[in-house]
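A look at the structure
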Amino acid sequence: MINKTVPNAHEALQGLADGMTLMLGGFGLCGIPENSIQEILRLGVKNLTCISNNAGVDDFGIGLLLQTKQVRKMISSYVGENAEFERQLLSGELEVELIPQGTLAERCRAGGAGIPAFYTPAGYGTEVGEGKESREFNGKMYLLETALHADFAFVKAWKGDTAGNLIYKGTARNFNPMMATAGKITVAEVEELVPAGELDPNQIHTPGIFVQRIFQGEQYEKRIEQRTVRAAV
C-alpha cells in the first residue's frame, strides 16, 4: 500500500531551497498551510517567489515571511490587508505581479492540467494586459495567459489519508485543489490523517496522485481576518 506520510513539517519540507517558487493555498487566512509556513520561516530560505491569492496579514500567514524578507516576488490577486507588503512594494524591495483572481485560479489549474496557456477576457485594456498577446474571438478581445507551476505546492486540507487523498472543508476549498495539482512536490497538511480506504471516494477533492507528502498538522490558530459583530442591545 502506498504511504506518503511524513511525521511533521520539518520532514515534509526536505529539499526546499533558496530561490524556489512556492504555491501556498488559502483565501485570506482561511485554509492556509500554517504549519508549513512556520517551517519555511524557521528554515530561513530566501529569494522565494510565492504564488498565493493573498499575502496574509502583517503577523500571520505569508506576512511572516515578508517580515523576515524571505520573499523576493509575490504573484497574487489581493494584498490589501498587509501594511508591510504595501511598504515593500512602494519602496521597490518586493517584486509583485497582480493577477485577476479568476485568472490566478485558472493559471494554477492549467499548470496542473498540462495546459501551457489559455485566452481570457479578464484584464484586457488594463495594465494587466501590458506586454501580453491578445486575440479576438467572436468580436471580443482576449489576453493570452500562461500556466503557473511551482517547485513546492503547500496545501491545507481538513482530512486526508496515508495515500494523499484530500478532503477540504467549507471555504478552505479555495485555491488549495488547483495548487495541489501544479507543484513538482505537493505537501499536504491535514487536521485529521486516516488510513487509506477510510475516506469516501465520492467525497475526495484532491486525488492522492497529486500529493507527494502528507502530515497531520497541529496547533492550528485558524485566525479570523476580519471579525464583525452586531452591537449589543
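Coordinates for the structure precede this section.
This section reports on the structure supplied with the text. On a predicted model such as this, the values are computed, not experimentally measured, just so you know.

Observations regarding the packing of aromatic side chains
Under the criterion given, the structure shown has three aromatic pairs. Centroid distance F137 to Y142: 5.5 Å. Interplanar angle 85 degrees. Geometry classified as edge-to-face. Using a relative accessible area of 29% as the deciding quantity, one classes F137 as partly exposed. Members of the aromatic cluster, each reached through a chain of ring pairs, are Y119, F137 and Y142.

Describing helix α4 (residues 83-91)
Residues lying three or four places apart along an α-helix face the same way, a consequence of the helix completing one turn every 3.6 residues. Along α4, the positions that sit buried rather than exposed are E84, F85 and Q88. Take α4 and look down its axis: the buried residues cluster within an arc of 105 degrees, on one side only. In this structure, the buried residues of α4 make contact with α3 (63-67), β3 (71-76) and β4 (95-98). Where α4 begins, the side chain of N82 points an oxygen toward the backbone nitrogen of E84, at a separation of 3.1 Å.

Brief notes about the pattern of salt bridges
In this structure the tally under the stated criterion is 15 salt bridges. Here R72 and E95 are joined by a salt bridge, their closest N and O atoms 3.0 Å apart. Remark: E95 occurs in strand β4 and R72 occurs in strand β3; sequence separation between them is 23 residues. Judged by relative accessible area, R72 falls into the partly exposed class, the value being 38%. By sharing partners, the salt bridges in this structure join R72, K73, E95, E97, R107, K132 and E145 into a single network.

Quick look at the side chain of N35
As for its placement among the helices and strands, N35 is situated in helix α2 (residues 34-43). Residue classification places N35 among the buried positions, given a relative accessible area of 14%. Excluding residues that lie within four positions of it along the chain, N35 makes contacts with A9, E189, F215, G217, E218 and Y220.

A word on the nonpolar core
Counting residues in each nonpolar core, the largest one holds 30 residues, and the members touching the most others are L16, L22, L24, I40, M74 and F154. Broken down by secondary-structure element, the contributors of at least two residues to this core are α1 (9-12), β1 (21-24), α2, β2 (48-51), α3, β3 and β8 (150-161). Non-local contacts of M74, meaning those with residues more than four positions away in its chain, are made with C50, S52, N54, A55, I62, F85, L94, E95, V96 and E97. Formed by 22 residues, the second largest nonpolar core is a distinct cluster that contains I99, C108, A153 and Y168.

As for the sheet that holds strand β7 (residues 140-146)
Pairing within the open sheet is antiparallel, and its three strands lie in the order β5-β7-β6. The strands lining the two open edges of the sheet, one partner per strand, are β5 (117-120) and β6 (134-137). Taken pair by pair, the neighbouring strands of this sheet meet at an average axis angle of 35 degrees, ignoring direction. The pairing of β5 with β7 spans four bridges and is classified as antiparallel. Counted as the bridge partner of Y119 is L144 from β7. The strands touched by helix α5 (residues 101-113) are β5 and β7; relative to β5, the strand with the most contacts, the crossing angle is about 155 degrees.

Regarding α5
The end-to-end C-alpha separation of α5 is 18 Å, in line with the 18 Å expected for 13 residues at 1.5 Å each. Taken residue by residue, α5 has T103, L104, A105, R107, C108, A110 and G111 as its buried positions. Taken from the residues just after α5, G114 is the one with a positive phi, measuring 80 degrees.

About the cut-offs
Residues numbered from 1 in each chain as written. Predicted model: local features only at pLDDT ≥ 70, side-chain atom pairs only at ≥ 80, totals over all residues. Heavy atoms only, no water. Phe/Tyr/Trp six-rings, centres within 6.5 Å; stacked < 30°, edge-to-face > 60°. Buried < 20%, exposed > 50% of the residue type's maximum accessible area, 1.4 Å probe, protein only. Helix = DSSP H or I, 4+ residues; strand = E, 2+ residues; numbered from the N terminus. Arc of directions from axis to C-beta. Contact = heavy atoms within 4.5 Å. Polar contact = N/O pair within 3.5 Å; in protein donor to acceptor, adjacent residues only side chain to side chain. Salt bridge = Lys/Arg side-chain N within 4 Å of Asp/Glu carboxyl O. Core = buried A, V, L, I, M, F, W, Y, C linked by side-chain atoms within 4.5 Å. Pairing = 2+ DSSP bridges. Axes fitted to C-alpha atoms, helices over the stretch in contact; angles between N-to-C directions. Expected span 1.5 Å × (residues − 1).

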